[in-house]
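# Secondary and tertiary structure notes
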Amino acid sequence: MNIKPVAKIYNDFPTKFGLPRQSGMAENLISRVVMEAEYKNFDAFRGIEEFEYLWLIWGFEPMGNRAWSPTVRPPKLGGNIRKGVFATRSPNRPNPIGLTRVKLIEVEKSEKDGPVLIVSGADLMNGTEIFDIKPYLPFADSAPDAKVGEYGTEYTTKLKVVIPQSVAALFSEAQLRTLREVLSFDPRPGYQDDPERIYGFEYGKYDVRFTVDGQKLNVIDAVETK
């Protein structure tokens, strides 16, 4: 089977750390899905604006020569609990393929880039390759009462996020809403709980640095990246 990307997604997250762990967790995160040259055809998107949500099928970053493992240790479950790879959403898979649900905000009609999809709620890194785009159908794709095992309470508790004005002033209102949302879900691996440790991730043009003490996350500063 020959699979080639049809598009790439672009947003303010150039690295994995800090990304929302699941789609829909950061509904304020806006991304642009830009088609590859062969697929910049408006006819291929006829009727897409009739749908509120879309599925993106995409590729994880290459894993090099790392062999696949039948079990993995999801960081958010503490890093010490082993689960079967097919019972998790770990990127360490036999085939590095991901599935993400996004909200379609608008279809931007660009003479240069063709139809560009403006979407929210993606959990994809800037520049990620998209292999396919499909409409989300609630009657077929949603099962709100389904069992989810140990993931059921994973994201029910949010941290209190404190961002000083000196840092807040560096971002647009939309970027700041997204940053607060992402930080509230605690970007750290589940096995790290050191209140003295300074964490950081790239967001937009800045390296955002923070600490976590209990249920309070304090942003310390944001340093412009080179």
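Before going into details, it helps to say that this report is about the structure given with it. This one's a predicted model, so the numbers in the text were calculated from it and none came from an experiment. (Residues numbered from 1 in each chain as written. Predicted model: local features only at pLDDT ≥ 70, side-chain atom pairs only at ≥ 80, totals over all residues. Heavy atoms only, no water.)

Let us look at the overall build of the chain. A count of helices and strands for the chain gives three helices and 12 strands. For a compact globule of 226 residues, the expected C-alpha radius of gyration is about 17 Å, and the chain comes in at 18 Å, within 12% of that figure. The principal-axis extent of the C-alpha atoms belonging to the chain is close to 55 × 45 × 40 Å. Looking at the chain residue by residue over its 226 residues, the buried ones come to 40%. The long-range fraction of contacts in the chain, counting pairs at least 24 apart against all pairs at least 6 apart in sequence, stands at 68%. (Helix = DSSP H or I, 4+ residues; strand = E, 2+ residues; numbered from the N terminus. Rg over C-alpha atoms; globule rule 2.2 N^0.38 Å. Buried < 20%, exposed > 50% of the residue type's maximum accessible area, 1.4 Å probe, protein only. Contact = heavy atoms within 4.5 Å.)

Look at helix 3 (residues 173–184): 17 Å from first C-alpha to last across 12 residues, which is about the 16 Å you get at 1.5 Å a residue. Taken as a whole, helix 3 has its buried residues at Leu-176, Thr-178, Leu-179, Glu-181, Val-182, Leu-183 and Ser-184. Packed against the buried residues of helix 3 are strand 9 (160–162), helix 2 (165–168), strand 10 (199–203), strand 11 (206–213) and strand 12 (216–224). Asp-186 lies just past helix 3 and shows a positive phi near 65°. (Expected span 1.5 Å × (residues − 1).)

Counting buried residues along strand 7 (residues 114–120), seven of its seven residues qualify, which places the element largely inside the surrounding structure. In terms of strand pairing, strand 2 (residues 30–35) meets strand 7 through five bridges, oriented antiparallel. Within strand 7, the residue paired with Ser-31 across the bridge is Val-119. Relative to strand 7, strand 6 (residues 97–110) runs antiparallel, the two sharing seven bridges. Looking at strand 7, one finds that Lys-103 is bridged to Ser-120. Following strand 6, the chain reverses through three residues before pairing antiparallel with strand 7. (Pairing = 2+ DSSP bridges.)

Glancing now at the nonpolar core. If you look at the biggest cluster of nonpolar residues, it comprises 25 residues, and the most contacted ones within it are Ile-163, Phe-171, Leu-179, Leu-183, Phe-210, Leu-217 and Val-219. Those elements that provide at least two residues to this core are helix 2, helix 3, strand 10, strand 11 and strand 12. Setting aside residues up to four positions removed in sequence, Ile-163 forms contacts with Ala-168, Leu-176, Leu-179, Arg-180 and Val-219. Judged by nonpolar contacts, the second largest core, of 20 residues, contains Ala-7, Ile-9, Leu-56 and Val-107. (Core = buried A, V, L, I, M, F, W, Y, C linked by side-chain atoms within 4.5 Å.)

Next up on the list: the environment of Ser-184. Note on placement: Ser-184 falls in helix 3. The class of Ser-184 is buried, set by a relative accessible area of 8%. Counting along the chain gives 181 residues from Ser-184 to Ile-3, while the straight-line C-alpha distance between them is 36 Å.

The next thing to look at is the pattern of salt bridges. A full pass over the atoms with the stated rule returns 11 salt bridges. Between Asp-193 and Arg-188 there is a salt bridge, and its shortest N-O distance comes to 3.6 Å. Take Asp-193: its relative accessible area is 59%, and that puts it in the exposed class. We classify Arg-188 as buried; its relative accessible area is 4%. (Salt bridge = Lys/Arg side-chain N within 4 Å of Asp/Glu carboxyl O.)

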